[in-house]
Amino acid sequence: MSSLPQTEPAFPASHRSRAATTLAAVPPQATASQVWRALGTAGNLRDLYDGGGTTAALDPERLAGLLAVVDARGDNGVTLSVLVQTASALPMLAACASRTGPVRQALEEALSGVSLVALAATDGAAAGSDLTGLGTEVTIGPDELLLTGGKRWITTACEADWLLVLARHRPGRHFTSFTWVLVPATAPGVHIRPADTGLLTGSATGHVELTQVRLPLDHVVGRPGRGMVTFARYMGTERLAGALWTVALTSRVLADTKERLIRRHVDGRPLWHNDAVRQRYAACLVQVRQLRALCESLGERVVRRQDLAAAALLKSAAGLVADPVLAACAQLQGAEGFARDGAQHIRSEAAVLGIGGGVTELVLGTVADNVDTVLAELRS
Ligand SMILES: Cc1cc2nc3c(=O)[nH]c(=O)nc-3n(C[C@H](O)[C@H](O)[C@H](O)COP(=O)(O)OP(=O)(O)OC[C@H]3O[C@@H](n4cnc5c(N)ncnc54)[C@H](O)[C@@H]3O)c2cc1C
């Protein structure tokens, strides 16, 4: 059997190996905070951004490398926490931080690994797919902010020091009605409870209640009324990150599945030599390789040009690839797939790739909205 020619790794080894070295010293059961602190202390978080985090511009290749080494630890919850913080919360803070003040403080603390930041958009009062219907309100007074409402299914919430909360400062669905507020998790009136789930437990996902939370005016993140615009810009980076994580996660499970198929014998032959098995497996490889090619071709456009159509393509592709590939791997592992934390469990956890940050159906709608651009590119 001929093998593929060796090529340069697509993602630079230096950043990746630095992060791998950092994480090699972190115990396997470490919490999201412990992993984040280790990465921050070693400078691996600052490494991701142009200017070491002074700008919001994230390097897609470095992000891919970091997510791959975090994913290799096999704790999908912790990876989700790292993903949302690095690709969504930190770029938003960097884009909005002044030279001093709490937003700068939260950014610097997070980059150093000292603090964790949760991004709280999904609201208790509305479907996640109906973001402009959100109910959390901020009153911007002459001297202070007053925040009331609730957020649900927020990654990292239970370990976060800061919550980046999307609120409305006036009624209605117009995109200028929304503002981000930086809330210390210990502020009076903030109550966080863990989400009742057995999936992604390392992600410290929780629900947040905000009851008459009073904060100084400098806790507004960016300008009032710019909340949705800022979110749309940086949601693209999270969507790219979701696609990059899908590549890392599915490749890890595919590699494990191949080893098992080689070891498993039926009628004296390894299952790996069964043609039907090989073809099913190869179809998965093709899908993952296509997704990686999509990441490589669209990554820069998402982070440098905030191309939301490209981000929607990536997010949809990730949602459409993760489930069938992981389902095939789980099936090919037979009963072993049902072992604790086995392939069936991973498959359930990976369903977040088609839910978090926008359900697949919704992002496919965005792809359809951009049909002419996509077709023009395909036909050029
Ligand atoms: C583990 C986990 C972590 C999360 N972390 C965060 C976080 O850190 N921050 C945050 O803000 N949110 C977070 N979320 C929330 C997530 O963003 C929302 O769950 C998501 O936006 C979907 O909202 P929903 O759950 O209310 O589903 P709904 O909006 O109620 O949708 C339910 C289902 O309806 C269908 N549907 C919805 N809209 C459409 C449509 N337009 N067309 C066709 N079908 C449709 C889809 O099948 C969808 O899955 C997290 C969720 C999970 C599960």
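Quick caveat: nothing in here was measured; it's all calculated off a predicted structure. (Residues numbered from 1 in each chain as written. Predicted model: local features only at pLDDT ≥ 70, side-chain atom pairs only at ≥ 80, totals over all residues.)

### Side note on the overall build of the protein
So, point 1. Counting secondary structure elements, the protein contains 11 helices and 10 strands.
So, point 2. The C-alpha radius of gyration computed for the protein amounts to 21 Å, which stays within 12% of the reference 21 Å derived for 380 residues, consistent with globular compactness.
So, point 3. Its C-alpha atoms give the protein principal-axis dimensions of roughly 80 × 50 × 40 Å.
So, point 4. Buried residues in the protein amount to 47% of all 380 residues.
So, point 5. Here the contacts in the protein between residues at least 6 apart in sequence split such that 71% fall between residues at least 24 apart. (Helix = DSSP H or I, 4+ residues; strand = E, 2+ residues; numbered from the N terminus. Rg over C-alpha atoms; globule rule 2.2 N^0.38 Å. Buried ≥ 20, exposed ≤ 12 C-beta atoms within 10 Å, placed from the backbone. Contact = placed C-beta atoms within 7 Å.)

### Topic: helix H7 (residues 275-305)
So, point 1. The first and last C-alpha atoms of H7 sit 44 Å apart over 31 residues, in line with the 45 Å expected at 1.5 Å per residue.
So, point 2. The principal kink in H7, of about 45 degrees, is found at Leu-298.
So, point 3. A positive backbone phi angle near 45 degrees is found at Gln-306, which sits one or two residues after H7. (Expected span 1.5 Å × (residues − 1). Bend = angle between axes of the 7 residues up to and from the residue.)

### Some thoughts on the nonpolar core
So, point 1. Counting 113 residues, the largest nonpolar core has Leu-93 and Leu-164 as the members making the most contacts within it.
So, point 2. Element by element, the count of residues in this core is highest for helix H8 (residues 308-332), at 15 residues.
So, point 3. Dropping the residues within four chain positions of it, Leu-93 is found in contact with Val-103, Ala-106, Leu-107, Val-117 and Val-221. (Core = buried A, V, L, I, M, F, W, Y, C linked by C-beta atoms within 7 Å.)

### Focus on the site of the ligand
So, point 1. Thr-122, Gly-128, Ser-129, Thr-155 and Glu-361 are the nearest of the 22 residues found near the ligand.
So, point 2. For the shell around the ligand, the secondary-structure elements that each account for two or more residues are strand E1 (117-120), strand E3 (144-154) and helix H10 (360-369).
So, point 3. It is H10 that provides the largest number of residues to the shell around the ligand, a total of three residues.
So, point 4. The residue makeup of the shell around the ligand, split by class, is 12 nonpolar, nine polar and one charged.
So, point 5. Looking at the shell around the ligand, you find at least three residues from each of domain 2 (118-223) and domain 3 (228-379). (Near = placed C-beta within 6 Å. Nonpolar A, V, L, I, M, F, W, Y, C, P; charged D, E, K, R; others polar. Domains from an automatic or database assignment.)

### Re the environment of Leu-217
So, point 1. Relative to the helices and strands, Leu-217 is located in the loop between strand E7 (206-216) and strand E8 (220-221).
So, point 2. For Leu-217, a count of 13 C-beta atoms within 10 Å puts it in the partly exposed group.
So, point 3. In the structure, Leu-217 is positioned 17 residues away from Tyr-234 in sequence and 23 Å away in space, judged by C-alpha atoms.
So, point 4. The residues touching Leu-217, leaving out its near neighbours within four places in the chain, are Glu-144 and Leu-145.

### As for the packing of helix H6 (residues 227-263) against H8
Any two packed helices are characterised by how steeply their axes cross, that is the angle between the axes, and by the distance between the axes.
So, point 1. One can describe the packing of H6 onto H8 by two numbers: an axis separation of 8 Å at closest approach and a directional angle of 20 degrees. By the angle between their axes, H6 is roughly parallel relative to H8. The two elements H6 and H8 cross, and the hand of that crossing is left-handed. Contacts between H6 and H8 pair Ala-232, Gly-236, Arg-239, Leu-240, Gly-242, Ala-243, Thr-246, Thr-250, Val-253, Leu-254, Thr-257 and Leu-261 from the former with Leu-308, Ala-311, Leu-314, Lys-315, Ala-317, Ala-318, Val-321, Ala-322, Val-325, Leu-326, Cys-329 and Leu-332 from the latter.
So, point 2. Grouping the amino acids of the contact of H6 with H8 by side-chain chemistry returns 17 nonpolar, five polar and two charged. (Axes fitted to C-alpha atoms, helices over the stretch in contact; angles between N-to-C directions. Parallel < 35°, antiparallel > 145°, perpendicular 65-115°, else oblique. Left-handed = near helix turned anticlockwise from the far one by under 90°.)

### Observations regarding the domain arrangement of the protein
In many reports, interface size means the accessible area that the parts give up when they come together.
So, point 1. When the domains of the protein are assigned, the result is domain 1 (13-115), domain 2 (118-223) and domain 3 (228-379).
So, point 2. For domain 1 versus domain 2, the separation of C-alpha centres amounts to 22 Å.
So, point 3. The partner domain 2 presents 17 residues to the 21 residues of domain 1 that form the contact.
So, point 4. The set of elements that each furnish at least two residues to the side of domain 1 that touches domain 2 consists of helix H2 (32-41), helix H4 (76-96) and helix H5 (102-111).
So, point 5. In terms of residue count, H4 provides more of the side of domain 1 that touches domain 2 than any other element does, 12 residues in total.

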